[in-house]
There are 2 protein chains.
Amino acid sequence: MAFINDNYPSKVLQDAVAAIGSLPGVGQRSALRLALHLLGQPKENIHHFASAVDRLADDVRYCNTCMMISDSDTCPICADRSRDHSTVCVVENVRDVMSIEATGQYHGVYHVLGGVISPIDGIGPSDITINQLVGRIASGSVSEVILALPGDVEGETTSFYIYRQIERYGVKVSAPSRGLGFGDDLEYADSLTLGRSILNRQIFKPQ
Amino acid sequence: MAFINDNYPSKVLQDAVAAIGSLPGVGQRSALRLALHLLGQPKENIHHFASAVDRLADDVRYCNTCMMISDSDTCPICADRSRDHSTVCVVENVRDVMSIEATGQYHGVYHVLGGVISPIDGIGPSDITINQLVGRIASGSVSEVILALPGDVEGETTSFYIYRQIERYGVKVSAPSRGLGFGDDLEYADSLTLGRSILNRQIFKPQ
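Structural notes, computed from the coordinates. All figures in this text were calculated on a predicted structure; none of them were measured in a lab.

Focus on the packing of helix H1 (residues 11-21) of chain A against helix H2 (residues 28-39) of chain A
Residue and element names in this part refer to chain A. Where H1 contacts H2, the axes come no closer than 8 Å and their chain directions differ by 125°. Taken as axis vectors, H1 and H2 run oblique relative to one another. Judged by the sense of rotation from one axis to the other, the crossing of H1 with H2 is right-handed. Residues Leu 13, Ala 16, Val 17, Ile 20 and Gly 21 of H1 pack against Gln 28, Ala 31, Leu 32, Leu 34, Ala 35, Leu 36 and Leu 38 of H2. Taken together, the residues of the contact of H1 with H2 sort by class into ten nonpolar, two polar and no charged.

A word on the interface of chain A and chain B
Counting residues at the interface gives 56 residues for chain A, matched by 56 residues for chain B. Interface area lost by chain A to chain B is led by Val 12, Phe 49 and Leu 56 of chain A, which between them contribute 12%. Here chain A and chain B share four salt bridges between them. As a salt-bridge pair, Asp 58 of chain A and Lys 43 of chain B come within 3.5 Å of each other at their nearest N and O atoms. In this structure, the connection of chain A to chain B is made through 14 residue pairs in polar contact (both at pLDDT 80 or more).

As for the relation of the copies chain A and chain B
The transformation that overlays chain A on chain B combines an axial shift of 0.1 Å with a rotation of 180°, and the residual RMSD is 0.1 Å. One copy is carried onto the other by what is essentially a two-fold rotation axis. Taking C-alpha positions as reference, the residue of chain A nearest the rotation axis is Ala 50 of chain A, located at 2.3 Å. When the interface residues of chain A are mapped onto chain B, 100% of them again lie at the interface, so the same face is used by both copies.

Calculation criteria
Residues numbered from 1 in each chain as written. Chains lettered and ligands numbered in written order. Predicted model: local features only at pLDDT ≥ 70, side-chain atom pairs only at ≥ 80, totals over all residues. Heavy atoms only, no water. Axes fitted to C-alpha atoms, helices over the stretch in contact; angles between N-to-C directions. Helix = DSSP H or I, 4+ residues; strand = E, 2+ residues; numbered from the N terminus. Parallel < 35°, antiparallel > 145°, perpendicular 65-115°, else oblique. Left-handed = near helix turned anticlockwise from the far one by under 90°. Contact = heavy atoms within 4.5 Å. Nonpolar A, V, L, I, M, F, W, Y, C, P; charged D, E, K, R; others polar. Buried area = accessible area lost by both parts, 1.4 Å probe. Salt bridge = Lys/Arg side-chain N within 4 Å of Asp/Glu carboxyl O. Polar contact = N/O pair within 3.5 Å; in protein donor to acceptor, adjacent residues only side chain to side chain. Least-squares fit on C-alpha atoms with pLDDT ≥ 70 in both.

Purely geometric stuff here, so don't read any function into it on its own.
Listed below in structure tokens is the structure:
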């Protein structure tokens, strides 16, 4: 094969493919396809794309209160006086906030941990925003903490760690209900969920 | 919902998601996932990513001879004197070149059209590098042209157009064989391919 540079006819193209291919879930073939798509765009589109990504490095800020990504020191949710600031929903990341906001069912505020405790990945309690959460609760303005963390080992470990840190303040600590999906048939539920939903059965309330 | 800016807590994040989501085959959910992945990287990684993409706009050049993406005015293939410069394989884009090079079976040179004729997309003969191809053939150094274009209507139209432009020069014009895949079972071939492979049957050559 005639190409130097690992089969790419151009080092610039190869570097772009390597950068795009470093994104999670994007293979080398897709990365080449995307790089060639960008290459086929007008130059100003390419500059616009690169600049929009570049600004993630320097222009993103975090809310001083809930640690969510924000354009200012106070995010729109923490700045909203119509929300219930005594109820704090603790989530792993900003995607969780956006998912819960999209339901339109929650009117409290959030606390974004920025991760969960994971010894295998070297992430300890001080690497995420647990101290800031404890500080919010210690200030006395919080009456309920909802631990809306992932249902895996790391998520449960983190929930338990937070629970131990905040139980001394006497706030109510809750978690989202888990069980069969609303409207789901029993036959399609995984057996872990089905079994636990029977054990954790709730009083039937006719609508 | 409390977010201004179309449900994003940050305009910077929203702009990055919009840019990434403009890539073909990348939906809004994936774009958000990728943007948050980048956001979680060290700043220098984000700058490196943005810069690698940005250079596609200004630092990519094209080979003066075959029109392939290149870092210089002559691509490594056209610069390789050990290749057969009298055989020119005409392809749609650089990905086709890379695919053929990866087989290791071809030792001629290429001509990259940069597209195919497509009236629906407003792409005419003068929008792709057909004139440059005709110029190479008119110079008298080419003895065979292989039309390795897509098998769809646009590809066949383009092949036919090129054939009409170059037949006056008396060069051999060929195309890759089409038929059942080598090693394929008949039962898995699509019926168009199977039917045509019977019509275009070739003399059996015992190995």
